[in-house]
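The residues making up each chain are set out below.
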There are 2 protein chains.
Amino acid sequence: MSAGHTGVTPLPAPCGLPEHPDCGIRDVLDRIGDRWSVLAIVELTAGTRRFRQVQRGVHGISQRMLTLTLRRLERDGLVLRTAYPTVPVSVTYELTDRGRSLAALIGQLADWSLANRDGVAESRRRYDADGPGSGVS
Amino acid sequence: MSAGHTGVTPLPAPCGLPEHPDCGIRDVLDRIGDRWSVLAIVELTAGTRRFRQVQRGVHGISQRMLTLTLRRLERDGLVLRTAYPTVPVSVTYELTDRGRSLAALIGQLADWSLANRDGVAESRRRYDADGPGSGVS
DNA sequence: CTGAATCCGAAAGGATACTG
DNA sequence: CAGTATCCTTTCGGATTCAG
């Protein structure tokens, strides 16, 4: 290293354009970001499901949030919604090809989560115990 | 399919335990979920940076949010914080091994975002134009 | 420079009730 | 069943101010 006493690497921007918003990661993030989208996608990874099925599968989600979440996913072309004009209405949801490609990545996140959950929990315990004031100083 | 007229697959839970919260995906999500964590990680992927450097790199983030974000990442063992008792205090942040492993996945999300941003934009345009009422019915 | 603390508006999200 | 609409609480997050 040669950037001073702290050894800070002088790299510019991580994406190319310094003035650019942020590569466009925000687009995914806004979809991954909310509490429910990812869970809904995971649920639909299993296959086509009806509204109530998704709700039971995700759980914790309210009717309202499920509706909003599915609407957004549909709008982004990640989920396909199909309504059947049966007597009690029936609607099914399924991932589109685009949705499945994203679901694959989400699956990796889930795997990472499982693989690191213990380590993260341990880190948190230590942090909360020793406190933030245990660094170099 | 053999689950009725709608062709819904009868798979149970996507993760194993139906009563379980959700596999533990929530742990990652809570870290991926907020607007800033991911951006901060991306910024640190470039290397060790000081507080202000990260702030300039992420941009849009307020001092307050950067502090909170970095604190949480540190608590989870994703980021290592080092303080140097120089005259004007100097603090550096860098990804830990765990942080880098997550950063790799985030990089994939960024790639996906770039590859699909046009398609998503197009889907949104069509959805907003035709309206949600263009499904089977 | 790096942060902590306070204030406050905006937005997310839950609960509930009602509809086709 | 599959929503929609309303209310209301919680959280997020920006701006500002103060401190080591």
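Cut-offs applied
- Sequence positions are assigned chain by chain, starting from 1 and proceeding in written order.
- To read the labels, note that chains go from A and ligands from 1, taken in the order they are written.
- Given that the model is predicted, a residue must reach a pLDDT of at least 70 before its local features are reported, and side-chain atom pairs must reach 80 or more before they are shown or counted; all residues, however, enter totals for whole chains, interfaces and linings.
- Side-chain descriptors were evaluated using all non-hydrogen atoms of the structure, hydrogens and water having been removed beforehand.
- Each pair of aromatic rings taken from Phe, Tyr and Trp, with Trp reduced to its six-membered ring, is defined by centres within 6.5 Å and is described as stacked if the planes are under 30 degrees apart, edge-to-face if over 60, and tilted in the remaining cases.
- In this analysis the charged atom, NZ for Lys or CZ for Arg, is taken to sit over a ring once it is within 6 Å of the ring centre and within 35 degrees of the ring normal.
- Counting from the N terminus, the helices are DSSP H or I runs at least four residues long and the strands are E runs at least two residues long.
- A 1.4 Å probe rolled over the protein chains alone gives each residue an accessible area, and that area as a share of the maximum for its type sets the label: buried under 20%, exposed over 50%, partly exposed in between.
- Between N-to-C directions, angles cover 0 to 180 degrees, with each direction set by a line fitted to C-alpha atoms, over the stretch in contact for helices.
- Should an angle fall under 35 degrees it is called roughly parallel, over 145 degrees roughly antiparallel, and 65 to 115 degrees roughly perpendicular, with every other angle called oblique.
- Left-handed describes a crossing whose near helix is turned anticlockwise from the far helix through less than a right angle; right-handed describes the clockwise counterpart.
- In what follows, residue pairs with any heavy atoms lying within 4.5 Å of each other are defined as contacts.
- Note on residue classes: Ala, Val, Leu, Ile, Met, Phe, Trp, Tyr, Cys and Pro are nonpolar, Asp, Glu, Lys and Arg are charged, and everything else, Gly too, is polar.
- The salt bridge criterion pairs a side-chain nitrogen of Lys or Arg with a carboxyl oxygen of Asp or Glu, the two atoms within 4 Å.
- What makes a residue near a molecule or strand is one non-hydrogen atom of that residue sitting within 4 Å of it.
- Two N or O atoms form a polar contact when they lie within 3.5 Å of each other; inside protein one atom must be a possible hydrogen donor and the other a possible acceptor, and for residues adjacent in sequence the pair counts only when both atoms belong to side chains.
- Nonpolar core, defined: a set of buried Ala, Val, Leu, Ile, Met, Phe, Trp, Tyr and Cys residues in which side-chain atoms within 4.5 Å join the residues together.
- We call two strands paired when DSSP finds no fewer than two bridges between them.

Caption draft 1: Quick peek at the packing of aromatic side chains. Applying the stated criterion across every chain yields a total of zero aromatic pairs over all chains. We note B:Arg26 situated over the ring of A:Trp36; from NZ or CZ to the ring centre the distance is 5.0 Å.

Caption draft 2: Up close: unusual backbone geometry. Residue and element names in this part refer to chain A. Positive phi, normally seen in glycine, also occurs at histidine 59, with a value near 40°. Counting through the fold element by element, histidine 59 comes out in the loop between α3 (51-58) and α4 (63-75). Under the relative-accessibility criterion, histidine 59 is labelled exposed at 59%.

Caption draft 3: How the structure looks around the packing of helix α2 (residues 37-45) of chain A against α3(A). All names here are of chain A. Put simply, α2 and α3 touch, their axes get as near as 9 Å, and they point 115° apart. The angle between α2 and α3 places the two elements in the roughly perpendicular class. Crossing geometry of α2 relative to α3 is assigned as right-handed. Residues Leu39, Ala40, Glu43 and Leu44 of α2 lie in contact with α3, whose contacting residues are Gln53, Val54, Gly57 and Val58. A breakdown of the residues in the contact of α2 with α3 according to their chemical character gives five nonpolar, two polar and one charged.

Caption draft 4: Main features of the pattern of salt bridges. Summed over all chains, the structure comprises 14 salt bridges over all chains. Its salt-bridge partner being A:Glu122, residue A:Arg126 comes within 3.9 Å of it at the nearest N-O pair. Linking A:Arg126 with A:Glu122, this pair stays in helix α5 (residues 97-130), spanning four residues, or about one helical turn. With relative accessibility at 29%, the residue A:Glu122 sits in the partly exposed group. When salt bridges that share partners are traced, they join A:Arg124, B:Arg31, B:Asp34 and B:Asp76 into one network.

Caption draft 5: Main features of the protein's contact with DNA strand C. Inspection of the region around DNA strand C gives 19 residues, with A:Arg64, B:Arg52, B:Arg71, B:Arg81 and B:Tyr93 positioned closest. Backbone sugar and phosphate groups make up 66% of those atoms of DNA strand C lying within 4 Å of the protein. The side chain of B:Arg50 places a nitrogen or oxygen atom 3.1 Å from a sugar or linking oxygen of DNA strand C. Within the backbone of B:Arg52, a nitrogen or oxygen atom sits 2.9 Å from a phosphate oxygen of DNA strand C. Taken together, the elements giving at least two residues each to the surface near DNA strand C come down to α4 of chain A together with α3 (51-58), α4 (63-75) and β3 (90-95) of chain B. If one sorts the elements of the surface near DNA strand C by residue count, α4(B) sits on top with four residues. Tallied by class, residues from the surface near DNA strand C come to eight nonpolar, four polar and seven charged.

Caption draft 6: Looking closely at the nonpolar core. Formed by 62 residues in total, the largest nonpolar core has its most connected members in A:Leu102 and B:Leu102. Among all residues touching B:Leu102, those that are not within four sequence positions of it are A:Leu109, A:Trp112, B:Val28, B:Ile32, B:Ile41 and B:Leu78.

Caption draft 7: Geometry of the pairing of β3(B). Residues and elements named next belong to chain B. Burial of β3 is extensive: five of the six residues sit out of reach of the surface. Two elements, strand β1 (residues 49-50) and β3, share two bridges in a ladder whose sense is antiparallel. Its bridge partner lying in β3, arginine 49 is registered against tyrosine 93. Of the pairings in the sheet, the one linking strand β2 (residues 79-84) to β3 comprises six bridges and is antiparallel in character. Its bridge partner lying in β3, leucine 80 is registered against glutamate 94. Between the antiparallel neighbours β2 and β3 lie five residues.

Caption draft 8: Just the environment of A:Ala83, in detail. All names here are of chain A. Position of alanine 83 relative to the elements: it lies in strand β2 (residues 79-84). Accessibility expressed as a relative area gives 14% for alanine 83, which makes it buried. Sequence-wise, alanine 83 and threonine 45 are 38 residues apart; in three dimensions their C-alpha atoms are separated by 19 Å.

Caption draft 9: Seen up close, the protein's contact with DNA strand D. Taken together, 17 residues surround DNA strand D, and among them A:Arg52, A:Arg81, A:Tyr93, B:Arg64 and B:Met65 come closest. Each atom of DNA strand D within 4 Å of the protein belongs either to a base or to sugar and phosphate, the latter forming 67%. At a separation of 3.2 Å, a phosphate oxygen of DNA strand D approaches a polar side-chain atom of A:Arg71. A:Arg81 has a polar side-chain atom sitting 2.3 Å from a phosphate oxygen of DNA strand D. Of all elements in the fold, only α3, α4 and β3 (90-95) of chain A together with α4 of chain B reach the threshold of two or more residues within the surface near DNA strand D. When residues of the surface near DNA strand D are assigned to their parent elements, the largest contribution, four residues, is made by α4(A). Among the residues forming the surface near DNA strand D, the class breakdown is seven nonpolar, three polar and seven charged.

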